[in-house]
Amino acid sequence: MEAAMGLMRRIPPKHSEAALSALLSLLPHHSADLLSQVDQPLQVLCDVDSGKEFILCEYNRDADSYRSPWSNKYHPPLDDGLYPSQELRKLEMEANDVFTVYCDQYYEGGTSSVYIWENEDEGFIGCFLIKKDGSRTADGRRGYLEEGSWEAIHVIEVVPLDEATARYCLTSSVMLSLTTNDESSGAFSLSGSIRRQMNMDLPVDEGHLCNMGRMVEEMESKLRYSLDQVYFGKTKEMICTLRPPSELVQTSLPEQINKRRS
């Protein structure tokens, strides 16, 4: 199991579905652990009743059906599906409205979904999902990539400590993939994933949604910075080392000639 998880951490996100299918056939007795711990590329489905898209994942799945956060109905229909309580359903609806605005402001489009359900420890768990397609054929703005997507999964476990305080345990995963093919950059492909955790004890006087929103916003800022420094920064450093920019080559060439003459 440890070797399988190590392999999945090194597989590009766009190949993770095929790799997971192969591991499930090799390790059928670890199927439950693999499906619960391995993040897969997010899929999107349209809710016919509301006319809005929602994200499919293991957190809104029951059998082969997926619950929409907008209409609270399963697609395809399911008679005995699991539903959140009335109080959590109200919080879920509010979170989806707020997170839609967040997604539009930070990502200039994309699809978001929030799912909330009861926890065994008298608390609840919330899952915040974002999928942004940055390709030229996408509906969002600024689609410059041949192919590309940003997929974020934030799972927050909320456990009440007393009447005024709760513990928030956040686990965030981001899957990034991009492919370009134009005259300025040429053919280039980059993909990877990153996971981080954060635990905080916060007062609940402003509400759980405010606390969860701040934690997601802070975590996404850290993840974007890490991806920019690790993936893009290191890749740019390696490319410039192997293939220096033309202006550096032109400036260093006369210096090399003068050194040889001297």
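Just so it is clear, the model here is predicted, and its values are computed rather than measured.

Attention now moves to the sheet that holds strand E3 (residues 61-62). Picture the strands of a sheet paired through backbone hydrogen bonds; they go either parallel or antiparallel. Spatial ordering of the open sheet is given by E3-E4-E5, a layout of 3 strands whose pairing is antiparallel. Since the sheet does not close on itself, it has two edges, and those belong to E3 and strand E5 (74-75), each with one partner. Both E3 and strand E4 (residues 65-67) contribute to a ladder of 2 bridges, which runs antiparallel. The partner of arginine 61 across the bridge, within E4, is tyrosine 66.

Quick look at the pairing of strand E2 (residues 52-56) now. The pairing of strand E1 (residues 43-47) with E2 spans 5 bridges and is classified as antiparallel. Each residue of the ladder has a partner; that of aspartate 47, found in E2, is lysine 52. What sits between the antiparallel neighbours E1 and E2 is a turn of 4 residues, in which glycine 51 has the positive phi angle 75°.

Of all the 14 residues making up strand E8 (residues 147-160), 11 are buried; the element is thus mostly covered by neighbouring parts of the structure. Pairing of strand E7 (residues 124-133) with E8 involves 10 bridges; the strand directions are antiparallel. The residue bridging lysine 131 from the neighbouring strand is glutamate 151, located in E8.

According to the stated counting rule, one finds 10 salt bridges in the structure shown. Where aspartate 64 meets arginine 61, a salt bridge forms, and the shortest distance between an N and an O atom there is 3.6 Å. Looking at aspartate 64, the relative accessible area reads 61%, which means it is exposed. Its relative accessible area of 36% is what places arginine 61 among the partly exposed residues. Among the salt bridges present, the one from aspartate 201 reaches arginine 167, with a minimum N-O distance of 2.8 Å. Note that aspartate 201 is positioned in strand E10 (residues 186-203) and arginine 167 in strand E9 (residues 165-182), a separation of 34 residues in sequence.

The rules behind these values
Residues numbered from 1 in each chain as written. Predicted model: local features only at pLDDT ≥ 70, side-chain atom pairs only at ≥ 80, totals over all residues. Heavy atoms only, no water. Pairing = 2+ DSSP bridges. Helix = DSSP H or I, 4+ residues; strand = E, 2+ residues; numbered from the N terminus. Buried < 20%, exposed > 50% of the residue type's maximum accessible area, 1.4 Å probe, protein only. Salt bridge = Lys/Arg side-chain N within 4 Å of Asp/Glu carboxyl O.

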